[in-house]
Amino acid sequence: MHDLLSIADHMAVAVFAVSGALMASRKQMDIFGFILLGTVTGVGGGSLRDVLLDAPVFWIAAPGYAVTCIVVSAATFFLAHLVQSRFRVILWFDAVGLALFAVLGAGKALSLDAAPIIAVVMGVMSATFGGIIRDVLGGEVPLLLRREIYVTAALMGALVYVVLVELGIDVVLAGGAGFVVGFLIRALALHRGWSLPAYKGRPGRSENELREMGILLEDEEE
Amino acid sequence: MHDLLSIADHMAVAVFAVSGALMASRKQMDIFGFILLGTVTGVGGGSLRDVLLDAPVFWIAAPGYAVTCIVVSAATFFLAHLVQSRFRVILWFDAVGLALFAVLGAGKALSLDAAPIIAVVMGVMSATFGGIIRDVLGGEVPLLLRREIYVTAALMGALVYVVLVELGIDVVLAGGAGFVVGFLIRALALHRGWSLPAYKGRPGRSENELREMGILLEDEEE
Amino acid sequence: MHDLLSIADHMAVAVFAVSGALMASRKQMDIFGFILLGTVTGVGGGSLRDVLLDAPVFWIAAPGYAVTCIVVSAATFFLAHLVQSRFRVILWFDAVGLALFAVLGAGKALSLDAAPIIAVVMGVMSATFGGIIRDVLGGEVPLLLRREIYVTAALMGALVYVVLVELGIDVVLAGGAGFVVGFLIRALALHRGWSLPAYKGRPGRSENELREMGILLEDEEE
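Residues numbered from 1 in each chain as written. Chains lettered and ligands numbered in written order. Predicted model: local features only at pLDDT ≥ 70, side-chain atom pairs only at ≥ 80, totals over all residues.

Novice: How would you sum up the overall build of chain A? Please name residues and give values.
Specialist: Along the backbone of chain A there are eight helices and zero strands. Starting at the N terminus, the α and β elements of chain A follow one another as α-α-α-α-α-α-α-α. Taken against the 2.2 N^0.38 rule, which gives 17 Å for 222 residues, the C-alpha radius of gyration of chain A at 19 Å falls within 12% of a compact globule. C-alpha extents for chain A along the principal axes are approximately 65 × 45 × 35 Å. (Helix = DSSP H or I, 4+ residues; strand = E, 2+ residues; numbered from the N terminus. Rg over C-alpha atoms; globule rule 2.2 N^0.38 Å.)

Novice: I'd love a proper account of helix H7 (residues 171–192) of chain A, names of residues and values included.
Specialist: Residues and elements named next belong to chain A. Given a rise of 1.5 Å per residue, 22 residues ought to cover 32 Å, and the 31 Å separating the end C-alpha atoms of H7 matches this to within 8%. Turning to H7, its buried residues number three or more, namely Ala174, Gly175, Gly178, Phe179, Val181, Gly182, Phe183, Ile185, Arg186, Ala189 and Leu190. For H7, the elements touching its buried residues are helix H4 (86–111) and helix H6 (151–166). Looking one or two residues past H7, Gly193 carries a phi angle of roughly 70 degrees, positive in sign. (Expected span 1.5 Å × (residues − 1). Buried ≥ 20, exposed ≤ 12 C-beta atoms within 10 Å, placed from the backbone. Contact = placed C-beta atoms within 7 Å.)

Novice: Account for H4 of chain A, with residues named and values stated.
Specialist: All names here are of chain A. Compared with the 38 Å implied by 1.5 Å per residue over 26 residues, the 36 Å span of H4 between its first and last C-alpha is a close match. Of all 26 residues in H4, 21 are buried; the element is thus mostly enclosed. One or two positions beyond H4, positive phi appears at Asp113, with a value near 70 degrees.

Novice: Describe the relation of the copies chain B and chain A, listing the residues and the values that go with them.
Specialist: Overlaying chain B with chain A gives an RMSD of 0.0 Å, the required rotation being 120 degrees about an axis along which the chain moves by 0.0 Å. Viewed as a symmetry operation, the transformation between the two copies matches a three-fold axis. Among all residues of chain B, the one whose C-alpha sits closest to the rotation axis is Val51 of chain B, at a distance of 4.2 Å. The residues that chain B uses at the interface reappear at the interface of chain A in only 6% of cases, marking distinct surfaces. (Least-squares fit on C-alpha atoms with pLDDT ≥ 70 in both.)

Novice: Give a detailed account of the relation of the copies chain A and chain C, specifying residues and quantitative values.
Specialist: Both copies of the chain are related by a screw-like operation: a rotation about an axis and a shift along it. Mapping chain A onto chain C is achieved by rotating through 120 degrees and translating by 0.0 Å along the same axis, at an RMSD of 0.0 Å. Interface overlap between copies: only 6% of the residues of chain A at the interface are likewise at the interface in chain C, consistent with a contact formed by different surfaces.

Novice: Can you explain the environment of Val18 of chain C? Please cite residues and give values.
Specialist: Residues and elements named next belong to chain C. Relative to the elements of secondary structure, Val18 occurs in helix H1 (residues 2–26). Placed 59 residues apart in sequence, Val18 and Phe77 show a C-alpha to C-alpha distance of 9.7 Å. Setting aside chain neighbours within four positions, we find Val18 in contact with Val72, Thr76 and Phe93.

Novice: Outline the interface of chain A and chain C, supporting the account with residue identities and numerical values.
Specialist: Counting from both sides, the interface comprises 32 residues of chain A and, opposite them, 35 residues of chain C. In terms of residue count, helix H2 (residues 31–52) of chain A provides more of the side of chain A that touches chain C than any other element does, seven residues in total. Taken together, the residues of the side of chain A that touches chain C sort by class into 16 nonpolar, nine polar and seven charged. (Nonpolar A, V, L, I, M, F, W, Y, C, P; charged D, E, K, R; others polar.)

Novice: Now, about the interface of chain B and chain A: what can you tell me, with residues and values included?
Specialist: The interface of chain B with chain A comprises 32 residues on the first partner and 35 residues on the second. Residue composition of the side of chain B that touches chain A, by class: 16 nonpolar, nine polar and seven charged.

Novice: Which residues make up the packing of helix H6 (residues 151–166) of chain B against helix H7 (residues 171–192) of chain B, and what values do they have?
Specialist: All names here are of chain B. With their axes 8 Å apart at the nearest point, H6 and H7 run at an angle of 160 degrees to one another. Judged by the angle between their axes, H6 and H7 are roughly antiparallel. Remark: the crossing between H6 and H7 carries right-handed chirality. Of the residues in H7, those touching H6 at Thr152, Ala153, Ala154, Met156, Gly157, Ala158, Val160, Tyr161, Leu164 and Val165 are Val171, Ala174, Gly175, Ala177, Gly178, Phe179, Val181, Gly182, Ile185, Arg186 and Ala189. (Axes fitted to C-alpha atoms, helices over the stretch in contact; angles between N-to-C directions. Parallel < 35°, antiparallel > 145°, perpendicular 65-115°, else oblique. Left-handed = near helix turned anticlockwise from the far one by under 90°.)

Novice: Quick one: what's the story with the environment of Asp54 of chain B, residue by residue and with numbers?
Specialist: Looking at the element boundaries, Asp54 of chain B is found in the loop between helix H2 (31–52) and helix H3 (64–79). Along the primary structure Asp54 of chain B and Arg88 of chain B are separated by 34 residues, whereas in three dimensions their C-alpha atoms are 35 Å apart.

Novice: Account for the confidence of the model for chain A, naming residues and giving values.
Specialist: Residues and elements named next belong to chain A. Per-residue confidence for chain A gives a mean pLDDT of 89, with 93% of residues at or over 70. Of all the helices and strands in chain A, helix H8 (residues 207–212) carries the lowest mean pLDDT, 71, while H6 carries the highest, 97. pLDDT under 50 marks residues 218–222. Its contacts with residues more than four places away, or in other chains, come to two contacts. (pLDDT = per-residue confidence, 0-100.)

Novice: Could you give an account of unusual backbone geometry, with specific residues and numbers?
Specialist: With a phi angle near 50 degrees, Gln28 of chain A is a residue other than glycine that sits in the positive phi range. Relative to the helices and strands, Gln28 of chain A is located in the loop between helix H1 (2–26) and H2. For Gln28 of chain A, a count of 18 C-beta atoms within 10 Å corresponds to the partly exposed category. Look at Asp113 of chain B: it is not a glycine, yet its phi comes out positive at around 70 degrees.

Novice: So what about the packing of helix H4 (residues 86–111) of chain C against helix H6 (residues 151–166) of chain C? Which residues, and what values?
Specialist: Residue and element names in this part refer to chain C. Close contact between H4 and H6 brings their axes to 8 Å; oriented N to C, the two are set at 40 degrees. Considering their axes alone, H4 and H6 lie oblique with respect to each other. Note on packing geometry: the crossing formed by H4 with H6 is right-handed. Within the contact between the two elements, H4 uses Leu98, Ala99, Ala102, Val103, Gly105, Ala106, Gly107 and Leu110 and H6 uses Ala153, Ala154, Gly157, Ala158, Tyr161, Val162 and Val165. Here the residues of the contact of H4 with H6 sort into twelve nonpolar, three polar and no charged.

Novice: Can you lay out the environment of Val171 of chain C for me, pointing to particular residues and giving the numbers?
Specialist: By the secondary structure assignment, Val171 of chain C is in helix H7 (residues 171–192). Counting along the chain gives 60 residues from Val171 of chain C to Ser111 of chain C, while the straight-line C-alpha distance between them is 11 Å.

Okay, here's the thing in structure tokens:
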């Protein structure tokens, strides 16, 4: 059981590290840039979770996680050229990490006696944060701003897990179910372009329009 | 007194959550995107404050804050179309949250025996951080980079509060005064386009100019 | 010895604060904008380090650091016009801070009994994080995405320090060596345009190309 958790944890970190390293390849960084971006993406979500929960940060006392990130990122540096579409691979690795961290984040919160709703929020935050760091550092539009289902998948994964655990189901079963639900929703969204009804109104006005309306100040000088 | 603090706290979180959810509407996200962006914006500043002060993060043990964020963000999803100019509303809700968090951040730091100057810094950081997250995730220019008075309002609110408390004034009075000062300064800045004298020199050179001057490396390939 | 550490610490904070304040001048912010951006850049890397290591955040209990940031940032507001090329000065102050924080970050991790590899990772993260905050808040491409050697310099500085300390060398000597190695590598990279072999493949596809390939969803509406 503890082994299973550790394996899931390492897998989540590794797949996010790959997605971070592939972002580094899109930006044509050098090998140590790959390692930094891979590591930060890999451990980011779990670090946020642990800091918010006031728990020791998981990778500080267990060097295996950092080693995993370093090895995986370095390997990506040498193998990324084999990949036809790196962005597509980022999307799929991100999807696996998203579903894993949603369950792992919610589970850690529950194990520290957080309320069920806090556990769900923690699952969603730790699932999405690694990818947010990766996309912000890489200067890309964060995945969660895109139109297809993303946050929803993390939410459903965390929710299924928390509900099943609260119902007394075995945590391994609940975790498996949460992962499968989260991943399937995201996978179908990627495959079929599924999206929830988005906000129906008009998109936000551009800076220039806001300036013309007097909502943003004019810049006198340039 | 404790009730008053709790009300102020929930209000600060709620108004920032609205501003985050409105940013989500500008980006035409789905309802769970609204909830995530609203929640992160709502609890962001206070979370940073608590993590830096090594205090338990305020919303982890009190699920009411997360519930507030979720309800308020979901309501915004259904009501945002009623708003003529969402950006203007973001600015005003942000202003209320800014002034509230400036006082609340400084107050929490003082209550944990931080030095007065640290309390002021903490007030400014927790007041501005929620909005920074919202704007960075939304891909907008952070409000604090805009020309009109913003950081100054948070600073003055926190400063008035800390000075009054140090002078022995009742914390409720001091808090009220700090909030009013901070909010009024920001409100007048928004209404009248007030700004402090900005840095007088030229703006920064663009990447291309830097490259021509040899300060940035040429990119050989493209 | 303790004094030396404190001096190095304050220097690292001060040089990063200057680089943050210069970024504020490039964005033509007002004086309190300078102070906020300078302070956040100055204390950012060390704050991340302390939060991840679960140590009290260094500047909370020692107001001298905040005072340093405020004074240095305010001075920059009045003196920045004397500088011919602010971006070049940012690069050099950033280089000093990078090398200092690489050693200081690794040293603090070791002093808290982290494994050597974790100490190196912590050195790199705390060395690069202040600059990342500065660049993200300023809306600039983070230095670590640029082509010349950056992450590598922090890594080598931290690595030299950790290896020497593990070999039993005096920490002051080891720290000096780590700083010199880290700074020299970065300085030569800046001066001569050194870079490591970057990822050889093609750069990432643009959003439009991804959309045409069907990897990104079409946006039906605009």
